[in-house]
Amino acid sequence: MERKKLEWYPGDVYHVTARGNRRNDIFKEEIDFKFYLKCMEEALS
């Protein structure tokens, strides 16, 4: 069964998570984490 498309509304608050398989780390180095934060900041602007 196909999942219903999520509707996005400007100004709403959303909870975003990032987790590896079996809760393993997803960032091996700090530079990877910084790149992730940069991508998130750009997505929010």
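Read on for an overview of the structure. Nothing here was measured: the structure is a model prediction, and the numbers come from that model.

Rules and cut-offs
- Residues numbered from 1 in each chain as written.
- Predicted model: local features only at pLDDT ≥ 70, side-chain atom pairs only at ≥ 80, totals over all residues.
- Heavy atoms only, no water.
- Helix = DSSP H or I, 4+ residues; strand = E, 2+ residues; numbered from the N terminus.
- Buried < 20%, exposed > 50% of the residue type's maximum accessible area, 1.4 Å probe, protein only.
- Lys, Arg positive; Asp, Glu negative; His and termini not counted.
- Charge placed at Lys NZ, Arg CZ, Asp CG, Glu CD.
- Phe/Tyr/Trp six-rings, centres within 6.5 Å; stacked < 30°, edge-to-face > 60°.

### Observations regarding the overall build of the protein
Inference 1: Helix and strand content of the protein: 1 helix and 0 strands.
Inference 2: Referenced to the eigenvectors of the C-alpha coordinate spread, the extents of the protein come out at roughly 35 × 30 × 15 Å.
Inference 3: Expressed as a percentage of its 45 residues, the buried residues of the protein come to 2%.
Inference 4: Looking at charge distribution, the protein has the averaged site of its 9 positive side-chain charges lying 7 Å from that of its 9 negative ones.

### Structural notes on the environment of Lys-5
Inference 1: As for its position among the elements, Lys-5 is in the segment before α1 (30–44).
Inference 2: Sequence spacing of Lys-5 and Ala-18 is 13 residues, and the spatial spacing of their C-alpha atoms is 20 Å.

### Some points on the packing of aromatic side chains
Inference 1: Applying the stated criterion across every chain yields a total of 3 aromatic pairs.
Inference 2: Look at Trp-8 and Tyr-14: their rings are 4.4 Å apart centre to centre, the planes differ by 50°, and that puts the pair in the tilted class.
Inference 3: Overall, the relative accessible area of 57% leaves Trp-8 in the exposed class.
Inference 4: Judged by centre distance (5.2 Å) and plane angle (70°), the rings of Phe-27 and Phe-33 are edge-to-face.
Inference 5: You can call Phe-33 partly exposed: its relative accessible area is 37%.
Inference 6: Taken together, Phe-27, Phe-33 and Tyr-36 form an aromatic cluster joined through their ring pairs.

Read these as geometric descriptors, not functional statements.
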